[in-house]
Amino acid sequence: MKEMEREGRATIHYLAEFLRDTKIRETVVQAGASLDEIDGVKFQGWAPLHHAVRFKKRDFAEALVKHGAKLDVKCAHEQETPLMHLLRTESGEMNATEQANALWLIAQGADVNTVNQNQAGPLHLAAQSGCRALLEALLDAGAKPTQSKYGSNPLHYCVRTHDKDEALWDRLIALGCGLEDRSDGQTVVMTAQMFHNHTAVAYFIRKGAKVDVKDDEGQSMLESAKELGQSKIIALIEKALKK
């Protein structure tokens, strides 16, 4: 029970990732897995709780927390907690299990203002996933919009993946996400343009976003759109520039 393989995987890591038998997993936790094992992140960079919250049946995650697992243990790679791990969904949109377990972690007291190695927080990742229910749950728990170390606010994250969610964009703007905040030298509308998000570009222009702007390398938004062959976005920019 106490032994670890050479690559850092303890028995409890294996169980968290693969074993689905409720009684066996509960027994193993009660059998005396140390907190070093429970919160250890050497194996694949994740702690057992990162693995356990992926399961639809939450019994093992609950057992880990009951026996002392840290809700906010961070993985070795992105420095993200189990909550952030769920919000950064692999499919692009959170499934029912990811949503339910993320809500459970928030209810258990998971830190909603922690940040990863890029200084992005849960709100950034919820905006990226486009899950309004999780966004509101985070806000209710005290989450505050911030900027990452690259200057990205949650709105930058959102327009990269969700091209038609005007209600979510409205909400993020109301929270204080600035249209002219720069992420790697790009404003929100510039980010939308770079990600070929025609709907978002039109929306932000209507909201008053500046289009006569240049990135840190001196390239204008119009020049970038022409370089990428974005005919619809070019028409939007040229129309806005004439006003």
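Above this note sits the structure.
About the criteria used
- Along each chain, numbering runs from 1 in the same order as the chain's sequence is written.
- Totals for whole chains, interfaces and linings use all residues, but because this is a predicted model, local features are given only for residues with pLDDT of at least 70 and pairs of side-chain atoms are given and counted only at 80 or more.
- The basis for the side-chain values is all heavy atoms of the structure; hydrogens and waters are excluded.
- Candidate patch residues must exceed 30% relative accessible area and have no salt bridge, after which like charges are joined if within 9 Å and Val, Leu, Ile, Met, Phe, Trp or Tyr side chains if within 5 Å.
- Only the protein chains shown count as cover for residues, with accessible areas throughout obtained via the Shrake-Rupley method and a probe of 1.4 Å.
- Take a side-chain nitrogen of Lys or Arg and a carboxyl oxygen of Asp or Glu: if they are within 4 Å of each other, that pair is a salt bridge.
- Secondary structure follows DSSP: runs of H or I at least 4 residues long count as helices, runs of E at least 2 residues long count as strands, and numbering of each begins at the N terminus.
- Buried residues of nine kinds, namely Ala, Val, Leu, Ile, Met, Phe, Trp, Tyr and Cys, make up a nonpolar core once their side-chain atoms join them within 4.5 Å.
- A 1.4 Å probe rolled over the protein chains alone gives each residue an accessible area, and that area as a share of the maximum for its type sets the label: buried under 20%, exposed over 50%, partly exposed in between.
- Throughout, a contact is declared for two residues whenever any of their heavy atoms are within 4.5 Å.
- This arc is taken over the directions from the axis of the helix to the C-beta atoms.
- Only rings of Phe, Tyr and Trp enter the pairing, Trp through its six-membered ring, and a pair is recorded when the two centres are within 6.5 Å. The plane angle decides the type: under 30 degrees is stacked, over 60 is edge-to-face, the rest tilted.
- Two thresholds decide whether a charge sits over a ring: the Lys NZ or Arg CZ must be within 6 Å of the ring centre and within 35 degrees of the ring normal.
- Lines fitted to C-alpha atoms define the axes here, with helix axes fitted over just the stretch in contact, and angles between the N-to-C directions of these axes take values from 0 to 180 degrees.
- Angle categories: roughly parallel below 35 degrees, roughly antiparallel above 145, roughly perpendicular from 65 to 115, and oblique for all the rest.
- Less than a right angle of anticlockwise turn of the near helix away from the far helix marks a crossing as left-handed, whereas a clockwise turn marks it as right-handed.
- When residues are sorted by character, Ala, Val, Leu, Ile, Met, Phe, Trp, Tyr, Cys and Pro go into the nonpolar class, Asp, Glu, Lys and Arg into the charged class, and all the rest, Gly among them, into the polar class.

Caption draft 1: Representation of a nonpolar patch on the surface in the model. Among the surface-exposed residues, Met 194, Phe 195 and Leu 228 lie close enough to one another that they form a single nonpolar patch of about 250 Å² accessible area. Among the structural elements, Met 194 can be located in helix H12 (residues 188–194).

Caption draft 2: Structural context of the nonpolar core. Ranked by internal contacts, the top residues of the largest apolar core, which has 60 residues, are Leu 138 and Phe 204. For Leu 138, the contacting residues outside a window of four places in its chain are Leu 83, Leu 87, Ile 106, Val 112, Pro 122, Leu 123, Ala 126 and Ala 143.

Caption draft 3: Main features of helix H15 (residues 231–241). Among the residues of H15, Ile 233, Ile 234, Ile 237 and Ala 240 are the ones counted as buried. Along H15, the residues classed as buried sweep out an arc of 135° about the axis, all on the same side. In this structure, H15 carries Ser 231, Lys 232 and Lys 239 as exposed residues pointing more than 90 degrees from its buried face. Here the buried face of H15 lies against H12, helix H13 (198–206) and helix H14 (221–227).

Caption draft 4: Broad picture of the packing of aromatic side chains. Taken as a whole, this structure holds three aromatic pairs when the rule is applied. A centroid spacing of 5.0 Å and a plane angle of 55° characterise the contact between Trp 169 and Tyr 203, whose relative ring orientation is tilted. Of this pair, Trp 169 sits in helix H11 (residues 166–174) while Tyr 203 sits in helix H13; the two residues are 34 residues apart in sequence, bridging distant segments of the chain. The burial state of Trp 169 is the same as that of Tyr 203; both residues are buried. Ring centres 5.0 Å apart and planes at 80° place the aromatic pair Tyr 203 and Phe 204 in the edge-to-face group. Of the residues examined, Phe 204 reaches a relative accessible area of 0% and is grouped as buried. Connected via pairs of aromatic rings, a cluster forms that spans Trp 169, Tyr 203 and Phe 204. One Lys or Arg, Arg 160, reaches over the ring of Tyr 157 and ends 4.6 Å from the middle of that ring.

Caption draft 5: Broad picture of the pattern of salt bridges. Inspection of the entire model under this criterion finds seven salt bridges. In this structure, Glu 98 engages Arg 54 in a salt bridge whose closest nitrogen and oxygen atoms are separated by 2.6 Å. Separated by 44 residues along the polypeptide, Glu 98 in helix H7 (residues 96–108) and Arg 54 in the loop between helix H4 (48–52) and helix H5 (59–66) bring together distant segments of the chain. Note on Glu 98: relative accessible area 6%, which makes it buried. Between Arg 132 and Glu 136 there is a salt bridge; the shortest N-O distance is 2.8 Å. Pair noted here: Arg 132 and Glu 136 are both in helix H9 (residues 132–140), with a separation of four residues, about one helical turn. Of the residues examined, Glu 136 reaches a relative accessible area of 21% and is grouped as partly exposed.

Caption draft 6: Summary view of the packing of H9 against H11. For the pair H9 and H11, the least separation of the axes is 11 Å and the interaxial angle reads 15°. For the element pair H9 / H11, the angle class is roughly parallel. As H9 packs across H11, the resulting crossing turns out to be left-handed. Where H9 approaches H11, its residues Arg 132, Leu 135, Glu 136 and Leu 139 are matched on the opposing element by Ala 167, Leu 168, Arg 171 and Leu 172. Residue composition of the contact of H9 with H11, by class: five nonpolar, no polar and three charged.

Just distances and angles here, no functional claims.
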